[in-house]
2 protein chains.
Amino acid sequence: LERFVVTTTVLDLAAGTSVLGSEDIPGCHPATCRIGLLGLGNVGSAFARLAREASSSLASRGFTPVVATALVRSVTRERSAQLSAQITDDHETFFAEPVDVIVEALGGVEPAYTLVRRALDRGIPVVTANKSLIAAHGDELARLARRRGTALRYEAACIAGVPFLGTFERRSLVARASGVTAILNGTSNYILTTMTRGGSFEAALADAQRLGYAEPDPSMDVSGADAAEKLTILIRLFGRLLVDPAAIPLDGLASVEADDIAAAAAFDGAIRPVSRAAWDGTAIRAHVGPAFLTGTHALARVAGVTNGVVIDAERGAQCYIGPGAGPDVTAATLLDDVSEIVTERRVRTPPSDAVSAATAVTRPDSAWFLRLTGTARPSDIADLLGSYGIWCTRLERRGDRVYALTCHAGQARIHTALDAVQAATGAAAAAFPALAEEAQS
Amino acid sequence: LERFVVTTTVLDLAAGTSVLGSEDIPGCHPATCRIGLLGLGNVGSAFARLAREASSSLASRGFTPVVATALVRSVTRERSAQLSAQITDDHETFFAEPVDVIVEALGGVEPAYTLVRRALDRGIPVVTANKSLIAAHGDELARLARRRGTALRYEAACIAGVPFLGTFERRSLVARASGVTAILNGTSNYILTTMTRGGSFEAALADAQRLGYAEPDPSMDVSGADAAEKLTILIRLFGRLLVDPAAIPLDGLASVEADDIAAAAAFDGAIRPVSRAAWDGTAIRAHVGPAFLTGTHALARVAGVTNGVVIDAERGAQCYIGPGAGPDVTAATLLDDVSEIVTERRVRTPPSDAVSAATAVTRPDSAWFLRLTGTARPSDIADLLGSYGIWCTRLERRGDRVYALTCHAGQARIHTALDAVQAATGAAAAAFPALAEEAQS
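Keep in mind it's a predicted model, so treat the numbers as computed, not measured.

We now examine the sheet that holds strand 2 (residues 63-71) of chain A. Residues and elements named next belong to chain A. Taken in spatial order, the six strands line up as 3-2-1-4-5-6 in an open sheet, and their pairing is parallel. The open sheet is flanked by strand 3 (86-88) and strand 6 (152-153), the only strands paired with a single partner. Strands strand 1 (31-38), strand 2 and strand 4 (101-104) of the sheet are contacted by helix 1 (residues 42-53), whose axis makes an angle of about 170 degrees with strand 1.

This is the structure:
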C-alpha cells in the first residue's frame, strides 16, 4: 500500500460530484478527504488519531482522510492528538476552511446544533456521534440534509460499535417493527455486571469511573437519561414516532442492591439496565431502568460495556449485540460513516417514512421481580398480593428479604398491592419489571 | 398514501441518473421502478406478491416497484403470482424489455451466472438471493459491477432476514475481523431444535419437510454444503480470502442422535449446526457441522429456523441474530435491496479491499463433546483418553453411553485416542467440537 501517497486531489461532495471510483485502476492515487472536526475531547482526539492510522487501509477504498481544521472550545488546552490541522475556537475561521465532510464530536445539544445546521445548510455532509443532538433534533436535521441533497450520519449515536441505524434507515421493509428492547448504556451495564461479582452499586460505579467508562459526572448514565435519548432515536427509526426523551419514564440504577443481583441469579435471571418501547398508532409504552431478564432472554448475557438491541420486527425478531461505547470504537464508527459518504459519491440522507409526534408515553405492563424487606412470612405476602390479583410464580425468602416473580400487571396495581403489604406487614418493597424471552423462536 | 398513483415516469439507473428525490415534495408521484425477475419459484413468486403489496408503502420512498418481465424455465407451468408482466422462457425476449433492476431468484449457479453477468455487463443493477452463485462467483461479479458503475446486492444470500453483508461491505473498519462463528442453515437448526423435544433425526427432518422449511431434496441442508457456501461468503467479506466451498470440511447432521441432544442439555449446552472460520494470513481454519455450544455461548439459544453470526471483530465481538430463510423473509430482503439501489440514485457496488486466494483450509482445534457407546467404565475411558493427552473436564454415564467434555485438542489426536479406546474397550465413539462463550465480554 506504500505506493499510495497523499495527493492534493480533493473531493467536492457538496456539489454532488467526486473524483473517486478509482479503486479498480492500479496505482492510482487516492483522493484526499478534507475533514472539519468539531471537538478534540476523548472522541475527537481518538478520531484524529485513527484517521491518521487508517489512511493506508482506506487508500484501497479510494480516499485518504485528513483532518484539515478542528474547532475547539479553548485553543490553549493541550491536545493529545498530534494534529497538523488548523485548530481554532472561532466558528468563522472554522467554516472558512474548505472541507469535504464535517465530523461532530462535541457532545451536547449546543453549540453542536447550530454548527451542524450551518454545515448541512451549506450542503456539507455531517457525521456525528451525538445522541443528545440527534434525540433532540434528528428528524429536523435529517430533513434539512435531504433538502440540501447531502448526508447526515449518526451511526455512533446508539450502540456505537454496532452499525445498524443506517442499515435500517435504508431498508424500510425490515425496519417495520412493533417495539424494541435494548441495553443502551455501557456504564450502567458495566455497573450491574460488576455487582454480580459482589459489591455495592457505589463500589461498581467508582470502578467504572476509574476505568474511564463513566464520566466524572455519571448522572446521565445512572439515571437512565442517556439511554432514554438513545431510545428516542430507536423509536423514531422503528416506530416513526417523535418523542421527547424527557417524556420517557426512568428508574435510576441506584435502587439496585447487591442482594437483588444475587437473588436474580438464583431465580435463573439477571438484572440489566433495560430500555424498551412498544407502539400502537401514536401511543407509546416505554421505560428505561433496571429490569429482571430471564436467563433465556437474548439480552440476559450481554455483559460489561457491551450493548444490544432486540427489534420486534414484523417478519421475525432481530437481535444485534456488540461494543456500546468508548473513544476508539466511536472513532472507528465515525470514520466508517465518513468512508460510506465518500465512497458512495452522490451522498444523500435516505428518504424516510413520515414520522408523527407521539401522543402519549406510558409505562408498559410487565411481570415483576419484587424485593420485600422484613420478617413477614412468604405465605402471608403471597396471600396479600393475591388479594390484589398479583399472583406469584415464584416466591422465596433469602436472608432478611423475600424475593418474588409475579404475573403480568400494570405498575399502578403492583404499587397498590405493595403499599398494602407494607401497611399490613411493615415490609418495604422494590419492584423491577421482569421480561421473558423474546428474541428467538 | 392513496394520492400516490403509478405513473409512467421511469428511472434510468443504468445511465446513473434518476428522477427520484421527490419525497420532500408533497403530492408528487413516485417513479416506477421496472423490475426484471429471474425465476418464479417460491422466492420469485413471493417477491412478485410483495412488490405489489408494498408499493404504497414504498411510494413514500419515491418509487413504485413493478415487475415488468419474468424469465422462467417453462412458461406452461401454472404460477401462483398473478403477474401482469411478460413471462418468457427466452433469454433474448427477457433482455429486450427495458428494466431498471434485475432480481435473480433462480437459485443454483447456472443459468443464473450467465444471466447476472449479462445484466451487469450492460450496467443493469442486480439483486440476488443466490448463495451458490455468490459463493462461486461473488468476487468476480462484484468487480464487474464496479467496472460498469452499477450495483450487485445479495443481502438475502446469507441469513436472509438480517441485513448485515451490505453494511459491513460499506464499512471497512468495523469489518476487520479474525473469524466468524455462525448458524447459517435454518433447516438444520430446526431439525436439531426439534430433536430437543425428543425424537429422531429422521422424524425431525420429515417435520421440516412437511412445514416447507426443507427442500424435497434436503441433502444440501443436512450435509452442511449449503452452510459451507454461506460461510465462504462470510470469509470473503470478513477475511478478504477466496475459498472454494468444496474445500471446507463438513460433518453431516445425521450423526446426531436424540440421546446426544439430551446429554448436551444435561451438560448445560446444546448441539447446534455451526459454521466457523478463523484466518491468519491466507491460511484458514474452517468447519461446518454439528457442534456442542455451552449454554453461555451467544448462539446456544438460537432456535428453530432462526440464524445468527458472531463476528470476532478487532474492536469487540459482534452478534447478529434473526430470521434465516423462508420465501417471505427472502422476498422482503430482495425488495429492500432494490429500494436501496433505487433511492441511492447513483448506484455502485462498494469498493472492497483486495482479496487473496486461501492457501490452506484445515479443521480448527477445539474442545470436544464425546459420545462413547458400550459398557466400559467411565474411569477406564478417562484413563485411556488421558494417556493420549486428552483430559476430560466432565465425564458421565447416561444409560448405555458415556458422554464427556474434553480439553482443547486437534481432531487427529482425538481420533487417535478414540480409536485406542475402541480397541481397548469396544466403545464406538462420536466426537463433536465443543465451543465456549465467545461473543460477550
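With that out of the way, let us pick up the sheet that holds strand 2 (residues 63-71) of chain B. Residue and element names in this part refer to chain B. What the six strands build is an open sheet, ordered 3-2-1-4-5-6; its pairing is parallel. The sheet is open, and its two edges are formed by strand 3 (86-88) and strand 6 (152-153), each paired on a single side. As judged from the eight bridges shared by strand 1 (residues 31-38) and strand 2, these two strands associate in the parallel manner. Directly across from Ala31, in strand 2, lies its bridge partner Phe63. The sheet strands contacting helix 1 (residues 42-53) are strand 1, strand 2 and strand 4 (101-104), and the helix crosses strand 1 at an angle near 170 degrees.

Right, let's talk about unusual backbone geometry for a bit. Residues and elements named next belong to chain A. In this model, Glu110 is joined to Pro111 through a cis peptide bond whose omega is 5 degrees. Mapped onto the fold, Pro111 is located in the loop between strand 4 and helix 4 (112-121). Not every positive phi belongs to a glycine, and Ile159 is a case in point at roughly 50 degrees. Relative to the helices and strands, Ile159 resides in the loop between strand 6 and helix 6 (165-170). Residue Ile159 is classed as buried on the basis of its relative accessible area of 0%. One non-glycine residue with positive phi stands out, namely Asp268, at about 65 degrees.

With that settled, consider the interface of chain B and chain A. Interface extent is often summarised as the accessible area lost during association of the parts. Counting from both sides, the interface comprises 60 residues of chain B and, opposite them, 60 residues of chain A. Together chain B and chain A conceal approximately 5,500 Å² of surface at their shared face, both sides included; 43% is due to carbon and sulfur atoms. Where chain B meets chain A, there are four salt bridges. Linking B:Arg171 and A:Asp337 is a salt bridge whose minimum nitrogen-to-oxygen distance equals 2.8 Å. Our count for the chain B to chain A interface comes out at 21 residue pairs in polar contact (both at pLDDT 80 or more). Elements that contribute at least two residues to the side of chain B that touches chain A include exactly helix 2 (55-59), helix 5 (131-147), helix 6 (165-170), strand 12 (318-323) and helix 12 (327-343) of chain B.

Before going further, it helps to spend a moment on the state of the cysteines. One pass over the structure, following the stated rule, counts zero disulfides over all chains. No disulfide involves A:Cys319; its sulfur sits 6.0 Å from the nearest other cysteine sulfur, which is in B:Cys319. Under the relative-accessibility criterion, A:Cys319 is labelled buried at 0%. Unpaired in terms of disulfides, B:Cys407 finds its nearest cysteine sulfur in B:Cys392, a separation of 7.7 Å. Assessed through its relative accessible area of 21%, B:Cys407 is described here as partly exposed.

Quick look at the relation of the copies chain B and chain A now. For these two chains of identical sequence, chain B goes onto chain A by a turn of 180 degrees and a shift of 0.0 Å along the axis, with RMSD 0.0 Å. Expressed as an axis order, the relation between the two copies is that of a two-fold axis. Residue B:Tyr320, judged by its C-alpha, is the member of chain B lying nearest the rotation axis, at 2.4 Å. When the interface residues of chain B are mapped onto chain A, 100% of them again lie at the interface, so the same face is used by both copies.

All names here are of chain B. Where helix 7 (residues 186-196) meets helix 8 (residues 201-210), the axes come as close as 9 Å, and the angle between the chain directions of the two elements is 125 degrees. Accordingly, the angle class assigned to the pair helix 7 and helix 8 is oblique. Handedness of the crossing formed by helix 7 with helix 8: right-handed. For the pair helix 7 and helix 8, contact is made by Thr187, Tyr190, Ile191, Thr194 and Met195 and by Phe201, Ala204, Leu205, Asp207 and Ala208, respectively. Broken down by class, the residue content of the contact of helix 7 with helix 8 amounts to seven nonpolar, two polar and one charged.

Within this structure, the stated rule accounts for 15 aromatic pairs over all chains. Ring centres of B:Phe94 and B:Phe95 lie 5.3 Å apart, and the angle between their planes is 90 degrees; on these two criteria the pair is classed as edge-to-face. Note on B:Phe94: relative accessible area 2%, which makes it buried. In this structure B:Phe95 comes out as buried when scored by relative accessible area, which is 7%. Ring geometry for B:Phe369 and B:Tyr403: centres 5.6 Å apart, planes at 20 degrees, overall stacked. Placement of the pair is B:Phe369 in strand 15 (residues 367-373) and B:Tyr403 in strand 17 (residues 401-406), with a sequence separation of 34 residues. Overall, B:Tyr403 belongs to the buried group, its relative accessible area being 1%. The rings of A:Phe164, A:Phe168, A:Phe238, A:Tyr320, B:Phe164, B:Phe168, B:Phe238 and B:Tyr320 are connected pair by pair, giving a single aromatic cluster. Over the aromatic face of A:Phe267 sits the side chain of A:Arg394, whose NZ or CZ is 4.5 Å from the ring centroid.

All names here are of chain A. The element strand 10 (residues 283-294) is largely enclosed, with a buried count of nine among its twelve residues. Turn length for the strand 9 (residues 269-280)-strand 10 hairpin, with the two strands adjacent in sequence and antiparallel, is two residues, and the turn residue Gly281 shows positive phi of about 65 degrees. Summarising the sheet, strand 10 and strand 14 (residues 360-362) pair through three bridges and their orientation is parallel. Residue pairing in the sheet places Ala283 in a bridge with Ala360 of strand 14.

Attention now moves to the nonpolar core. The biggest cluster of nonpolar side chains holds 116 residues, and the ones touching the most others in it are A:Phe164, A:Phe238, B:Phe164 and B:Phe238. When residues no more than four places from it in sequence are discounted, the contact partners of B:Phe238 are B:Phe164, B:Phe168, B:Ala175, B:Ala177, B:Val180, B:Trp279 and B:Ile311.

Definitions and limits used
- Residues numbered from 1 in each chain as written.
- Chains lettered and ligands numbered in written order.
- Predicted model: local features only at pLDDT ≥ 70, side-chain atom pairs only at ≥ 80, totals over all residues.
- Heavy atoms only, no water.
- Pairing = 2+ DSSP bridges.
- Helix = DSSP H or I, 4+ residues; strand = E, 2+ residues; numbered from the N terminus.
- Contact = heavy atoms within 4.5 Å.
- Axes fitted to C-alpha atoms, helices over the stretch in contact; angles between N-to-C directions.
- Buried < 20%, exposed > 50% of the residue type's maximum accessible area, 1.4 Å probe, protein only.
- Buried area = accessible area lost by both parts, 1.4 Å probe.
- Salt bridge = Lys/Arg side-chain N within 4 Å of Asp/Glu carboxyl O.
- Polar contact = N/O pair within 3.5 Å; in protein donor to acceptor, adjacent residues only side chain to side chain.
- Disulfide = S-S within 2.5 Å.
- Least-squares fit on C-alpha atoms with pLDDT ≥ 70 in both.
- Parallel < 35°, antiparallel > 145°, perpendicular 65-115°, else oblique.
- Left-handed = near helix turned anticlockwise from the far one by under 90°.
- Nonpolar A, V, L, I, M, F, W, Y, C, P; charged D, E, K, R; others polar.
- Phe/Tyr/Trp six-rings, centres within 6.5 Å; stacked < 30°, edge-to-face > 60°.
- Lys NZ or Arg CZ within 6 Å of the ring centre and 35° of its normal.
- Core = buried A, V, L, I, M, F, W, Y, C linked by side-chain atoms within 4.5 Å.

Limitation: the analysis is restricted to geometry and does not speak to function.
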